[in-house]
Every structure is written in C-alpha cells, then in structure tokens.
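Given next are the chains, with one letter for each unit.
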Amino acid sequence: MGKLTVRALRAVLVVVLTGTVFVQAGMVWVLISGNDPEDGSLPLTSFRVITILGMVSAQVAGVCVWRLVTMVRRGTVFSHAAFRYVDAVIGAIVAVALLWFAVTGINAPGQREDPGVTVIMGGIGLAILGVALIVLVLRMLLAQAVARDVEATQMQAELDDVI
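Below or above, wherever it landed, is the structure these notes cover. Computed from a predicted model, the values in this text were never measured in an experiment.

Along the protein, the regular secondary structure elements total 4 helices and 0 strands. Mapped in sequence order, the helices and strands of the protein form the string α-α-α-α. Whereas a compact globule of 163 residues would reach a radius of gyration of roughly 15 Å, the protein reaches 21 Å, over 25% beyond that. With the C-alpha coordinates aligned to their principal axes, the bounding extent of the protein is approximately 80 × 30 × 25 Å. Residues classed as buried in the protein amount to 26% of the 163 residues present. In the protein, of all internal contacts separated by at least 6 residues, the share reaching a separation of at least 24 is 72%. On the protein, roughly 10400 Å² of surface is accessible, and the fraction owed to carbon and sulfur atoms is 70%. If the 11 positive side-chain charges of the protein are averaged to one point and the 11 negative ones to another, these points end up 10 Å apart.

Below, the structure written as structure tokens:
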C-alpha cells in the first residue's frame, strides 16, 4: 500500500471520526438537556439513540481499519493479531445492520399506506448484512494467507537447516 493511499485513507478516517464525535456530542446534548427543537416524541428520541449507537459502530470500524492500515505499513498484517480487528469490523457492520432493522421496525407503523418503504428498508438491512459477509470472506482469505505465511516460514527454516 503506497504512502499516498495510506495518507488519503487516514485523512478520510480522521474526518469521519471527528465528524461523528461532534454529531454525537450534539445529539447527546439535545437528549440530556431537553432542548429538543422537535416535540420530543418517543420515535424521534429512539431514532436519535439509534443514530448515536450507529455512529459508535462506525467509529469502532474506523479505528480498526486504522490499526489494520498501520499493520499493512509495518508488514505485519499477515499475523493472528489482525484477526481481532477484522472481527471487530464484522461486529460493527452487524451492529449497524441490527440498528437499521430497529429503525425499520420503528418506522414501519407510519408506512401502513405505503409498505414498500418498509420492504426497501428491510432490503437495505440485508445489504448491510451482505457487506458483513463479504468482510467475513475476506477474513477467511486472511486466515489462508496467514497459514501460508506460517508454512512458508517453516519451509524456509527447514531449507536453512539443510543448507
């Protein structure tokens, strides 16, 4: 991974993480202070809480991607240490999907006249779960690469012994 690519990715991650922290702080302040410009109805409060939790999931994924990029730059990504970060990213994506399904459920009663919106929202939730499955497949590829790297290291050690 080139230096420019790493810098660009880190810049994007910093902007996203900073932005989500500011939005979270504002939303938490509105929830705690009661200075809600809306009527404070329960669904709107639920949507705000779900949004805050969704941003936490995005932040977890962002930090894990940052760590993985650091491992790539150091050449240590093909190790067992990378799995915890990949697993955390998968968990964050699944959490976002579950939160999206919660939003769909809260929104569904208001869509009785147009249930297609609820169906589309459910489809989006399934697509989010599909992203988690893609990352899971990439995790399996990482596991194969780590196994091959261990095998190659062992073969090199045996070859060094022979020579």
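All right, on to the packing of aromatic side chains then. Counting across every chain of the model gives 0 aromatic pairs. In this arrangement the basic side chain of Arg10 is found over the ring face of Trp66, its NZ or CZ atom lying 4.8 Å from the centre.

Quick look at the layout of surface pockets now. Here the largest pocket is characterised by a volume of approximately 310 Å³. Taken together, 13 residues make up the lining of the largest pocket; nearest its centre are Leu68, Val77, Val86, Leu138 and Leu142. Elements represented by at least two residues in the lining of the largest pocket include exactly α2 (42–74), α3 (81–107) and α4 (116–162). In the lining of the largest pocket, the residues fall into 12 nonpolar, no polar and 1 charged.

The subject of this paragraph is the pattern of salt bridges. Applying the stated rule across the entire model yields 1 salt bridge. When the shortest N-O distance is used, the salt bridge between Arg139 and Asp87 registers 2.5 Å. Of this pair, Arg139 sits in helix α4 while Asp87 is found in helix α3, placing the two residues 52 residues apart along the sequence. Arg139 sits in the partly exposed class, given a relative accessible area of 23%.

Once that is clear, we can look at a nonpolar patch on the surface. Taken together, the side chains of Val28, Leu31, Ile32, Val49 and Leu53 present a nonpolar region at the surface, about 400 Å² in accessible area. Of all the elements in the fold, those that place two or more residues in the nonpolar patch are α1 (3–33) and α2. Position of Val49 relative to the elements: it lies in helix α2. Under the relative-accessibility criterion, Val49 is labelled partly exposed at 37%.

Quick notes on the rules
- Residues numbered from 1 in each chain as written.
- Predicted model: local features only at pLDDT ≥ 70, side-chain atom pairs only at ≥ 80, totals over all residues.
- Heavy atoms only, no water.
- Helix = DSSP H or I, 4+ residues; strand = E, 2+ residues; numbered from the N terminus.
- Rg over C-alpha atoms; globule rule 2.2 N^0.38 Å.
- Buried < 20%, exposed > 50% of the residue type's maximum accessible area, 1.4 Å probe, protein only.
- Contact = heavy atoms within 4.5 Å.
- Areas by Shrake-Rupley, 256 points an atom, 1.4 Å probe, with all protein chains shown as cover.
- Lys, Arg positive; Asp, Glu negative; His and termini not counted.
- Charge placed at Lys NZ, Arg CZ, Asp CG, Glu CD.
- Phe/Tyr/Trp six-rings, centres within 6.5 Å; stacked < 30°, edge-to-face > 60°.
- Lys NZ or Arg CZ within 6 Å of the ring centre and 35° of its normal.
- 1 Å grid on protein atoms, 1.4 Å probe; cavity = no way out; pocket = protein on both sides within 12 Å on 5 of 7 lines; lining within 4 Å.
- Points joined across faces, edges and corners; volume = space filled by probe spheres on them.
- Nonpolar A, V, L, I, M, F, W, Y, C, P; charged D, E, K, R; others polar.
- Salt bridge = Lys/Arg side-chain N within 4 Å of Asp/Glu carboxyl O.
- Patch = residues over 30% accessible without salt bridge, like charges linked within 9 Å, V, L, I, M, F, W, Y side chains within 5 Å.

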